[in-house]
Protein chains: 2
Amino acid sequence: MSKLTDVPKRILIGRALRSDNLGETLLPKRIALPVFASDPLSSVAYAPGEVLLVLSIAGVSAYHFSPWIALAVVVLMFTVVASYRQNVRAYPSGGGDYEVATTNLGPKAGLTVASALLVDYVLTVAVSISSGVENLGSAVPFVVEHKVPVAIGAIVLLTLMNLRGVKESGKLFAIPTYLFVVGVFLMIMWGAYRGLVLGDTMHAPTSDLEIKPEHQGLAGFALVFLLLRAFSSGCAALTGVEAISNGVPAFRKPKSKNAATTLAMMGLLAVTMFCGIIGLAMATDVKMAENPAKDLLRDGAAVGGSFVQDPVISQVAAAVFGDGTFLFVLLAAATALVLFLAANTAYNGFPLLGSILAQDRYLPRQLHTRGDRLAFSNGIVLLAGAAVLLVWIYGADSTKLIQLYIVGVFVSFTLSQTGMVRHWNRHLRTEKDPAARRHMIRSRAINTFGAFFTGLVLVVVLATKFTHGAWVALLGMVLFYGTMTAIRRHYDRVAEEIAADETPSDEAGRPSRVHSIVLVSKLHRPTLRALAYAKLIRSDRLEALSISVDPQETKVLKEEWERRGINVPLKILDSPYREVTRPVIDYVKGLRRESPRDVVSVYIPEYVVGHWYEHLLHNQSALRLKGRLLFTPGVMVTSVPYQLESSEAAKKRARRRAEWNAPGSVRRGPVERKPKEPTGKG
Amino acid sequence: MSKLTDVPKRILIGRALRSDNLGETLLPKRIALPVFASDPLSSVAYAPGEVLLVLSIAGVSAYHFSPWIALAVVVLMFTVVASYRQNVRAYPSGGGDYEVATTNLGPKAGLTVASALLVDYVLTVAVSISSGVENLGSAVPFVVEHKVPVAIGAIVLLTLMNLRGVKESGKLFAIPTYLFVVGVFLMIMWGAYRGLVLGDTMHAPTSDLEIKPEHQGLAGFALVFLLLRAFSSGCAALTGVEAISNGVPAFRKPKSKNAATTLAMMGLLAVTMFCGIIGLAMATDVKMAENPAKDLLRDGAAVGGSFVQDPVISQVAAAVFGDGTFLFVLLAAATALVLFLAANTAYNGFPLLGSILAQDRYLPRQLHTRGDRLAFSNGIVLLAGAAVLLVWIYGADSTKLIQLYIVGVFVSFTLSQTGMVRHWNRHLRTEKDPAARRHMIRSRAINTFGAFFTGLVLVVVLATKFTHGAWVALLGMVLFYGTMTAIRRHYDRVAEEIAADETPSDEAGRPSRVHSIVLVSKLHRPTLRALAYAKLIRSDRLEALSISVDPQETKVLKEEWERRGINVPLKILDSPYREVTRPVIDYVKGLRRESPRDVVSVYIPEYVVGHWYEHLLHNQSALRLKGRLLFTPGVMVTSVPYQLESSEAAKKRARRRAEWNAPGSVRRGPVERKPKEPTGKG
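For clarity, every value in this text was computed on a predicted model and none was experimentally measured.

**Student:** So what exactly am I meant to see when it comes to the overall build of chain A here?
**Tutor:** Scanning chain A from terminus to terminus reveals 25 helices and eight strands. Counting every position in chain A, which comprises 682 residues, the buried fraction comes to 50%. Residue pairs in contact within chain A that sit at least 24 positions apart in sequence constitute 83% of those at least 6 positions apart.

Given below as structure tokens:
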């Protein structure tokens with residue numbers, strides 16, 4: 001508000017960059033890594049367990065396939081990381097998969113990717129929170145005993161934090177993420193040292209259990225199918241890898257190079273942790289089962305419903321560090337924390353994607369305002385509501401939720417990589433420089449392999465998981481796709497309807513004169529102000545209009561009108577039903593009928609109040625009248641505001657709201673300076 | 001809509017009376033009786049039982065006090081009827097107790113009466129529906145087995161019917177009410193004939209039960225207190241008597257006389273039915289207990305929780321007509337129906353009282369519109385919500401709910417009668433005519449006795465029922481009173497704030513010039529219309545303002561602006577955050593700072609749409625901008641509407657809404673023709 005003096009300057013040179021968006025907020029790699037990697041890294045907290053869990057269907061003997069499945073996941077991870085390194089180089093604007101797919105494959109592919117990503121954000125919240133609760137529960141039994149309420153409570157807490165607009169900072173991400181990474185590496189190294197050097201035999205809490213295979217002696221196609229299912233469960237480790245491609249503008253320069261490097265680091269960390277945990281799980285004889293209550297046996301008897309199957313990472317930590325030790329609890333806490341951070345990333349990504357979709361008119365137009373609080377709030381309430389629903393339906397069971405999770409990720413991977421292949425093809429058509437061409441051909445090869453591999457995984461995921469829950473995710477995508485298509489169609493139809501004709505005289509019968517009407521109830525300051533303003537604007541005819549709902553009040557009004565010598569004619573309409581709207585509408589319609597080419601301008605004094613409940617006490621009749629008047633062609637409605645003293649409170653609130661920063665700005669980077677536009681022609 | 005041609009005539013002579021409000025809708029006595037008496041007459045369905053129920057505390061021997069209690073109720077009924085006959089003569093305008101108390105005892109007494117009546121309306125719904133369900137349940141066991149859901153379902157159904165605006169007709173009331181009255185009289189006469197003439201011994205279903213007295217051998221003060229409690233329970237028969245005093249305008253002429261006659265008829269019917277049912281209950285050995293499960297004994301053992309205590313009226317009907325006979329079922333159905341009608345009267349009275357209170361600025365001003373659908377809807381949703389809450393909390397148990405009921409009734413009786421005494425005192429001071437004085441003195445005597453008697457009953461009710469639930473009703477009254485006082489205080493404060501000074505120059509620094517700004521996003525029809533209108537109104541300076549959120553779009557806009565040769569200067573403000581609101585606000589504030597005495601007039605093209613969901617897709621930015629602009633002093637905001645094709649749907653809906661008639665109009669009578677006002681001075 002202190003900057004009002006430099007308005008003329010600002011009008012000339014455009015809005016000044018806000019200080020919080022200057023260079024210093026750009027992320028160095030050591031901060032960018034935790035900001036973007038909390039999501040993909042946190043998935044090693046649940047992905048290894050999912051692999052063992054599926055393998056257990058064929059009995060514990062199938063566990064020896066797990067290194068091969070881990071290897072397949074590692075190859076896939078390297079493929080995806082290598083592919084996305086091409087994306088961040090080719091599309092440094094941060095549009096991500098949606099932009100790549102839309103640009104190269106057309107709007108339908110783009111919208112498919114967007115739908116998949118929106119579903120994925122919901123599942124990121126549901127899966128991460130559920131898994132976080134399970135990890136926390138391995139150290140704090142209370143939590144796992146009240147899993148669903150705790151998980152829903154965590155979502156509500158995250159939602160409130162984000163609605164309040166807690167300012168994100170790189171540090172907030174750095175500490176838990178590095179703590180988690182260091183903890184896992186410490187565990188892997190200490191486990192390797194104890195096992196390989198000291199020769200200790202470490203035992204996970206479930207090492208003494210036996211698994212009752214659901215299908216004994218699987219072989220042939222059935223075994224292959226089971227292995228593919230285990231592999232597609234392991235692919236949960238890849239969720240969130242694409243996040244960096246949305247965040248290139250937040251990196252320090254050289255942006256693309258730094259983003260690519262961070263992506264590589266993240267991939268390396270993820271596969272090491274994933275393999276290390278699987279390895280330790282094998283070494284410590286972890287047993288996981290899909291239905292632990294009946295498929296895990298202790299001394300030949302099922303462990304029963306009271307048994308809690310802890311996540312692999314915490315079982316391994318119990319074996320390596322010892323159950324309940326300081327390091328065990330610390331790792332459990334860090335794991336839970338990094339999973340909650342992963343959930344939080346969805347709270348930033350969901351409204352951001354929404355704003356991009358709004359720009360393309362797939363979502364309500366007003367959402368496109370960057371950092372708009374209301375749009376942001378609607379987005380995160382929708383996100384949180386859907387996540388709570390899923391958590392509630394699936395009992396906060398991360399294993400069940402993961403069945404829904406991976407489809408969307410691989411839909412966007414596949415379409416994005418396919419788009420990149422087209423991208424290079426298009427550029428190769430025009431590029432002459434042999435060095436650049438070589439580079440492009442190499443990139444195209446990587447993306448082609450990426451598209452092929454992720455597409456294959458998508459087919460595997462669909463085939464192995466469709467009945468297990470993937471159909472729910474697909475249904476969600478279809479709903480988003482349908483809604484967005486309908487919105488876009490509506491906007492297109494309206495745009496066509498309101499398109500201006502080439503001849504400027506598109507208003508049938510150009511308006512000729514203005515008949516101004518000031519609505520008057522009593523002679524108080526708001527009325528006097530409205531009269532003064534209406535007089536200032538020189539219309540062809542000006543009159544005051546009052547609806548008589550009480551003869552006594554009308555008499556007082558007329559007397560005062562004359563006493564004050566107000567030189568505007570006062571017209572009074574009788575209203576036996578004490579209605580206000582109908583007599584005015586009828587009168588205005590009558591005027592329009594008399595002289596159809598006139599425009600009627602209605603001035604309504606409006607109270608500006610400070611509290612929501614005051615709205616119930618003021619302006620309701622005015623609002624309703626305005627609502628009705630708008631349907632009458634050839635009418636303008638002018639609000640002449642009168643600021644009541646209480647409006648100061650609302651003014652301050654509005655100012656605070658305007659100064660609000662949307663969470664997630666740290667990963668979005670500063671606003672791009674647009675090429676300067678010469679301003680104004682007048 | 002076909003009447004648009006006679007607008008000039010209507011402006012001259014005022015609004016024509018609608019046909020549905022002409023003389024023929026005035027009520028003859030034979031229709032007025034059921035319309036107004038369904039509430040008081042229906043209370044004989046529960047009042048006799050309440051008397052027996054309280055007496056049973058002292059054992060079945062205390063039942064022999066019941067004729068004396070019935071006598072006291074009869075005396076009270078005659079007193080109240082005689083008193084209200086004075087009211088309807090003195091206040092034929094239909095203001096009822098609120099008007100009488102406010103006029104004669106001041107606004108605080110009036111507001112107390114209003115609070116009591118509002119609470120009473122809620123309880124009328126809760127008690128009548130609960131009792132109706134119990135009566136229906138005596139014929140249809142399913143209903144009583146699911147008492148709470150059935151009662152809540154009935155309230156919801158009534159609410160929906162009233163929200164839809166089902167048109168009330170006298171017949172709707174007449175058939176069930178006369179059926180009920182005829183049925184009860186038939187029962188009394190047939191019972192008397194069988195008992196006295198044929199000498200039959202009739203047995204109620206509970207005649208073979210014994211009552212375990214909670215207090216054996218009560219005497220002295222304790223017995224008196226119990227008898228007073230039984231009496232105050234019997235006073236439930238008086239609820240609703242005051243309704244006629246609100247409805248005098250609905251009667252045919254001579255209004256007051258007809259209303260007084262109807263009142264007398266109603267009183268006579270009520271006491272006859274009340275006494276007849278008590279008498280039959282004695283003759284057929286009905287046993288009622290407060291806690292039937294443990295205090296009713298069959299062969300010495302408590303009947304237990306599965307026992308359903310049917311209402312006295314249905315027990316008597318079973319004894320007289322025989323259980324399950326056609327007449328028994330018919331009477332049960334008529335009783336339930338008349339009780340539902342009684343509940344329905346509250347749906348009419350509550351919003352009507354609300355509109356009167358709104359006129360006196362105790363409730364939001366817009367509620368005063370007679371028959372305003374929105375206000376009406378809010379009122380009945382509030383009423384239904386409170387009634388559902390009570391039914392749910394008290395398990396749809398009419399006995400428990402009646403404890404809350406009678407306080408409010410007697411608060412308004414007492415204050416109204418006290419007010420009437422003052423009324424006569426005041427008139428006696430000026431009246432000279434001896435005949436008129438005699439009449440007034442007689443009326444004063446009646447009202448004095450009424451005030452004294454009802455005041456005494458109020459004390460008895462408070463003393464005997466406070467801990468049994470009357471405190472809840474008092475709390476409700478305090479809440480209503482407090483809220484309405486706060487609203488009135490707010491309106492008074494605002495009225496003071498906006499009162500116009502005597503010198504006409506109350507706008508600090510009279511505005512000198514108008515600077516008009518047309519907001520432009522694209523060059524489509526809505527924009528062109530807004531430009532055309534703004535040009536038509538001759539302001540001192542006119543410019544178009546566009547916020548550049550996308551350089552490409554801005555470029556297109558500027559090119560088209562020039563190509564079309566629009567002779568209004570176009571100013572473009574840069575908005576890197578894609579915000580619209582802030583740049584406009586800052587620009588307007590800058591203008592105001594440059595020339596503080598100028599008025600800024602902002603024209604916003606607004607889309608008029610037809611469906612609620614389209615609102616989510618349009619105008620949101622405009623609305624928010626408008627909301628912010630109103631806080632800036634010296635700014636007017638003009639909406640230039642553009643009616644999209646889809647707005648036709650909303651127009652039709654609005655028309656339908658405007659033609660809606662509020663239920664309850666039948667009992668309110670036609671609109672009073674106000675003395676003709678000369679209209680217009682211009």
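**Student:** Please explain the domain arrangement of chain A as it appears in this structure.
**Tutor:** Interface size is commonly expressed as the accessible surface area that is lost when the partners come together. For chain A, the domain assignment lists domain 1 (22-492) and domain 2 (514-644). When each unit is reduced to the centre of its C-alpha atoms, the spacing between domain 1 of chain A and domain 2 of chain A is 60 Å.

**Student:** What am I meant to see in the nonpolar core here?
**Tutor:** Proteins that are soluble and globular tend to have nonpolar side chains buried together. Phe274 and Val316 of chain B are the most contacted members of the largest nonpolar core, which has 165 residues in total. By residue number, the principal contributor to this core is helix H15 (residues 326-359) of chain B, which donates 20 residues. Aside from chain neighbours lying at most four places away, what touches Val316 of chain B is Met187, Ala204, Ile277, Leu280, Ala281, Thr284 and Val286 of chain B. Core analysis: the next-biggest nonpolar cluster, separate from the first, contains 163 residues, Leu158, Val181, Leu280 and Phe410 of chain A among them.

**Student:** What am I meant to see in the sheet that holds strand E2 (residues 296-298) of chain B here?
**Tutor:** Working definition: the strands of a sheet are paired by backbone hydrogen bonds and lie parallel or antiparallel to each other. Residues and elements named next belong to chain B. In space, the three strands of this open sheet follow the order E1-E2-E3, with antiparallel pairing throughout. The two strands at the open ends of the sheet, each matched to only one other strand, are strand E1 (210-211) and strand E3 (301-302). Sheet topology note: the E1/E2 ladder contains two bridges and is antiparallel. Paired with Glu210 across the strands is Leu297, a residue of E2.

**Student:** What is the right way to look at the sheet that holds strand E2 (residues 296-298) of chain A in this model?
**Tutor:** Read from one edge of the open sheet, three strands run E1-E2-E3 (chain A), paired in antiparallel fashion. Lying at the two open borders of the sheet, with one neighbouring strand each, are strand E1 (210-211) and strand E3 (301-302) of chain A.

**Student:** Help me out: how do you make sense of unusual backbone geometry in this one?
**Tutor:** Glycine aside, negative phi is the norm for most residues, and most peptide bonds take the trans geometry. Here Lys253 of chain A and Pro254 of chain A are connected by a cis peptide whose omega angle stands at -5°. Assignment of secondary structure puts Pro254 of chain A in the loop between helix H11 (243-246) and helix H12 (255-283). Notably, Asp285 of chain B is not glycine yet its phi reads approximately 60°, a positive angle. When you line up the elements, Asp285 of chain B lands in the loop between helix H12 (255-283) and helix H13 (292-295). Backbone geometry at Asp299 of chain B places phi at a positive 50°, although glycine is not the residue there. Within the secondary structure layout, Asp299 of chain B lies in the loop between E2 and E3.

**Student:** Would you take a moment to explain the environment of Leu186 of chain B for this structure?
**Tutor:** Looking at the element boundaries, Leu186 of chain B is found in helix H9 (residues 170-198). Linking Leu186 of chain B and Thr454 of chain B, residues 268 residues apart in sequence, is a C-alpha distance of 32 Å.

**Student:** Is there a simple way to explain helix H3 (residues 47-55) of chain A in this structure?
**Tutor:** Residues three or four positions apart in an α-helix share a direction because the helix packs 3.6 residues into each turn. All names here are of chain A. Counting buried positions along H3 gives nine out of nine residues, so the element sits mostly inside the fold. Ala47, Pro48, Gly49, Glu50, Val51, Leu52, Leu53, Val54 and Leu55 are the residues of H3 that are buried. The secondary structure elements touched by the buried residues of H3 are helix H4 (66-90), helix H10 (220-234), H12, helix H14 (312-321) and helix H17 (398-430).

**Student:** Sorry, what's going on with helix H19 (residues 525-536) of chain A here?
**Tutor:** The end-to-end C-alpha separation of H19 of chain A is 16 Å, in line with the 16 Å expected for 12 residues at 1.5 Å each. When we look at burial in H19 of chain A, the residues that qualify are Pro526, Thr527, Leu528, Arg529, Ala530, Leu531, Tyr533 and Ala534 of chain A.

**Student:** Whenever I open this one, the packing of H3 of chain A against H10 of chain A confuses me. Can you help?
**Tutor:** The relative placement of two packed helices comes down to the angle between their axes together with the axis-to-axis distance. Residues and elements named next belong to chain A. Remark: H3 packs on H10, axes separated minimally by 8 Å, with the N-to-C direction vectors making an angle of 165°. Between H3 and H10, the angle is such that the two are roughly antiparallel. Of the two elements, H3 crosses H10, and the hand of that crossing is right-handed. Two secondary-structure elements touch here, H3 through Ala47, Glu50, Val51, Val54 and Leu55 and H10 through Leu226, Arg229, Ala230, Ser233 and Gly234. A class-by-class count of the residues in the contact of H3 with H10 yields six nonpolar, two polar and two charged.

**Student:** Please clarify how the pairing of strand E4 (residues 514-519) of chain A should be interpreted in this entry.
**Tutor:** It is a general feature of regular strands that their side chains alternate between the two faces of the sheet. Residue and element names in this part refer to chain A. Taking burial as the measure, the six residues of E4 include six buried ones, the bulk of the element. What you see with E4 is no split at all: Val514, Ser516 and Val518 on one side and His515, Ile517 and Leu519 on the other are buried throughout. In terms of strand pairing, E4 meets strand E5 (residues 541-548) through five bridges, oriented parallel. Opposite Val518, over in E5, you have Ala544 as the bridge partner.

**Student:** Mind showing me how you'd approach the pairing of strand E8 (residues 635-643) of chain A here?
**Tutor:** The element E8 of chain A is extensively covered by neighbouring structure, given that eight of its nine residues are classed as buried. In this structure, strand E7 (residues 599-608) of chain A lies alongside E8 of chain A, joined through nine bridges in parallel fashion. Bridged to Glu606 of chain A within E8 of chain A is Pro641 of chain A. Pairing of E8 of chain A with strand E8 (residues 635-643) of chain B involves three bridges; the strand directions are antiparallel. Paired with Val637 of chain A across the two strands is Ser639 of chain B, which belongs to E8 of chain B.

**Student:** It is not clear to me how the packing of helix H2 (residues 29-42) of chain A against helix H15 (residues 326-359) of chain A should be interpreted in this structure. Could you clarify?
**Tutor:** All names here are of chain A. Where H2 meets H15, the axes come as close as 8 Å, and the angle between the chain directions of the two elements is 115°. In this structure, H2 meets H15 at a crossing whose hand is left-handed. Contacts between H2 and H15 involve Ser38, Asp39, Leu41 and Ser42 on the former and, on the latter, Val338, Leu339, Leu341, Ala342 and Thr345.

**Student:** Sorry, what's going on with the confidence of the model for chain A here?
**Tutor:** Detailed conclusions should not be drawn from predicted coordinates in areas where pLDDT is low. All names here are of chain A. Taken as a whole, chain A shows an average pLDDT of 84; of its residues, 89% reach a score of 70 or greater. When mean pLDDT is compared element by element in chain A, helix H6 (residues 107-139) scores highest at 93, while helix H1 (residues 7-13) scores lowest at 39. Confidence drops under pLDDT 50 across residues 1-24; counting only partners more than four residues distant or on other chains, this segment forms 23 contacts. Contacts for the low-pLDDT stretch residues 673-682, under 50 throughout, to residues beyond four places or in other chains number 21 contacts. Across the predicted assembly, pTM comes out at 0.73 and ipTM at 0.74.

**Student:** Sorry, what's going on with the environment of Ala649 of chain B here?
**Tutor:** Residues and elements named next belong to chain B. Residue position: Ala649 is located in helix H24 (residues 647-658). Of the residues examined, Ala649 has 13 C-beta atoms within 10 Å and is grouped as partly exposed. C-alpha separation for the pair Ala649 and Val609, spaced 40 residues apart in sequence, amounts to 8.5 Å. Contacts of Ala649, omitting those with residues within four sequence positions, involve Gly610 and His611.

**Student:** Hey, could you run me through the environment of His146 of chain B in this one?
**Tutor:** Among the secondary structure elements, His146 of chain B is positioned in the loop between helix H7 (141-145) and helix H8 (147-164). His146 of chain B gets classed as partly exposed once you count the C-beta atoms within 10 Å, which come to 14.

The rules behind each value
- Residues numbered from 1 in each chain as written.
- Chains lettered and ligands numbered in written order.
- Predicted model: local features only at pLDDT ≥ 70, side-chain atom pairs only at ≥ 80, totals over all residues.
- Helix = DSSP H or I, 4+ residues; strand = E, 2+ residues; numbered from the N terminus.
- Buried ≥ 20, exposed ≤ 12 C-beta atoms within 10 Å, placed from the backbone.
- Contact = placed C-beta atoms within 7 Å.
- Domains from an automatic or database assignment.
- Core = buried A, V, L, I, M, F, W, Y, C linked by C-beta atoms within 7 Å.
- Pairing = 2+ DSSP bridges.
- Expected span 1.5 Å × (residues − 1).
- Axes fitted to C-alpha atoms, helices over the stretch in contact; angles between N-to-C directions.
- Parallel < 35°, antiparallel > 145°, perpendicular 65-115°, else oblique.
- Left-handed = near helix turned anticlockwise from the far one by under 90°.
- Nonpolar A, V, L, I, M, F, W, Y, C, P; charged D, E, K, R; others polar.
- pLDDT = per-residue confidence, 0-100.

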